[in-house]
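Overview (structure and organization)
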Amino acid sequence: MTLITQSSSPLELAAIISQALEDVGLSAVLSGGAAVSIYSGGRYESSDLDFVSSEQTSKLAAALAPLGFTQADGRHFEHPDTDYYVEFPPGPLAVGGLLITEWDQLQTDLGVIQILSPTQMVMDRLAAFIHWYDPPSLDQAVLVAQKHPLDWESLENWVSKEGGQEKYEIFRRALQRVSND
Amino acid sequence: MLEAVLGSVAAERTLLYLQNYGEGYAGSIADTFDMSPSQISKQLTKLENGGILVSRQVGKARVYSWNERNPLVKELRRLLQATLEVLPERQIQQYYRQRRRPRRKGKPA
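Keep in mind that what you see is a predicted model, and the values were worked out from it rather than measured.

1. Topic: the overall build of chain A
Within chain A one finds seven helices and nine strands. The C-alpha atoms of chain A give 16 Å as radius of gyration, which agrees with the globular expectation for 181 residues (16 Å, within 12%). Here the contacts in chain A between residues at least 6 apart in sequence split such that 64% fall between residues at least 24 apart.

2. Some points on the pairing of strand β4 (residues 76–79) of chain A
Residue and element names in this part refer to chain A. Where strand β3 (residues 70–73) lies against β4, three bridges are found, and the strand directions are antiparallel. Within β4, the residue paired with aspartate 73 across the bridge is histidine 76. Adjacent in sequence and paired antiparallel, β3 and β4 are bridged by two residues, among which glycine 74 carries a positive phi angle near 55 degrees. As judged from the three bridges shared by β4 and strand β5 (residues 82–87), these two strands associate in the antiparallel manner. Pairing of histidine 76 across the sheet is with glutamate 87, part of β5. Count of turn residues in the β4/β5 antiparallel hairpin: two residues.

3. Here's the deal with the pairing of strand β9 (residues 111–115) of chain A
Residue and element names in this part refer to chain A. Burial within β9 is extensive, with four of its five residues counted as buried. Of the strand pairs in this sheet, strand β8 (residues 104–108) and β9 are connected by five bridges, and their pairing is antiparallel. Paired with aspartate 104 across the strands is isoleucine 115, a residue of β9. Between β8 and β9, which pair antiparallel in sequence order, lie two residues.

4. A short note on the domain arrangement of chain A
All names here are of chain A. When its domains are assigned, chain A resolves into domain 1 (10–115) and domain 2 (118–180). Between the C-alpha centres of domain 1 and domain 2 the distance comes to 23 Å. Contact with domain 1, which involves 14 residues of that partner, is made by 15 residues of domain 2. For the side of domain 1 that touches domain 2, the per-class residue count stands at eight nonpolar, five polar and one charged.

5. Re the packing of helix α4 (residues 118–132) of chain A against helix α5 (residues 135–147) of chain A
Residue and element names in this part refer to chain A. Across the interface, α4 lies against α5 with an axial gap of 8 Å and an inter-helix angle of 165 degrees. Between α4 and α5, the angle is such that the two are roughly antiparallel. Here α4 runs over α5; the crossing is left-handed. Residues Pro118, Met121, Val122, Arg125, Leu126, Ala128 and Phe129 of α4 form the contact with α5, whose participating residues are Ser137, Leu138, Gln140, Ala141, Val144 and Ala145. A per-class count over the contact of α4 with α5 returns ten nonpolar, two polar and one charged.

6. Things to note about the interface of chain B and chain A
Listed as interface residues are 14 residues of chain B and, on the opposing side, 14 residues of chain A. Split into classes, the residues belonging to the side of chain B that touches chain A amount to four nonpolar, four polar and six charged.

7. Description of the sheet that holds strand β1 (residues 23–24) of chain B
Strand-to-strand pairing in sheets goes through backbone hydrogen bonds, with the strands running parallel or antiparallel. All names here are of chain B. The three strands lie next to each other as β1-β3-β2, forming an open sheet whose pairing is antiparallel. The sheet terminates laterally at β1 and β2 (53–58), the two strands that pair on one side only. Pairing analysis gives six bridges linking β2 to strand β3 (residues 61–66), with the strands arranged antiparallel. For leucine 53, the partnering residue across the bridge sits in β3 and is tryptophan 66. Taken strand by strand, helix α4 (residues 37–49) contacts β2 and β3, and its axis lies near 120 degrees from that of β2.

Reading the values: rules and limits
- Residues numbered from 1 in each chain as written.
- Chains lettered and ligands numbered in written order.
- Predicted model: local features only at pLDDT ≥ 70, side-chain atom pairs only at ≥ 80, totals over all residues.
- Helix = DSSP H or I, 4+ residues; strand = E, 2+ residues; numbered from the N terminus.
- Rg over C-alpha atoms; globule rule 2.2 N^0.38 Å.
- Contact = placed C-beta atoms within 7 Å.
- Pairing = 2+ DSSP bridges.
- Buried ≥ 20, exposed ≤ 12 C-beta atoms within 10 Å, placed from the backbone.
- Domains from an automatic or database assignment.
- Nonpolar A, V, L, I, M, F, W, Y, C, P; charged D, E, K, R; others polar.
- Axes fitted to C-alpha atoms, helices over the stretch in contact; angles between N-to-C directions.
- Parallel < 35°, antiparallel > 145°, perpendicular 65-115°, else oblique.
- Left-handed = near helix turned anticlockwise from the far one by under 90°.

Here it is as structure tokens:
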């Protein structure tokens, strides 16, 4: 079993956890800041890993215990050898009003990470920008879009359904500016 | 940048804050820019009386947002957005990147 240490990166932790869950048949999909961190190559730092999962907390706890994680409160887990927290927000897995039924599998040396695709992550961050005016989420959407090809057609259909056209234009201009730098 | 048009730094900052965050109250805007709440409050009242903003009471705070029923507000916001997009990065990070996404109670920061 791979050891978790203080130097374990979010990518390594996500792979270890995701694989451990997969091994016992539990479904959990990495979303949130850790996914941004992975897709931005570490340009964004997150202190926690959010795996969206509708599995029972007791089953998640049992799967994570052999790795050294203990349940802190609710669906939130800690490990003595890493500062990263792990949390399992309950489903449904969705970005804005769009339910997610398919996502990406990211192969790593330490295991397969079940993770929202770059396009889904851009939607996730844009949802926070569109509905909550969260400027850091705009920056995170740009970081992901800078490094990964996106399914622009799906993204634009989604934006239209979310009623976020004006915010989407702000995102496109921000992406254009960093691409020109 | 818009100070010359709007007549004061307080007016410019109040409007840019609201464009960036969608809504706000005097205390939060004043804290962001390290200005006095009364200065910001005066601007908010003036903008509400002019039909640019609307307000509602939330707990002890009066929260201001855009009066979207005023057709000129859209044009004003377009100008403010254009201004935000050419501000120096240092100013953007200092004043316009506060988290607005909800955080679950008890979630480690």
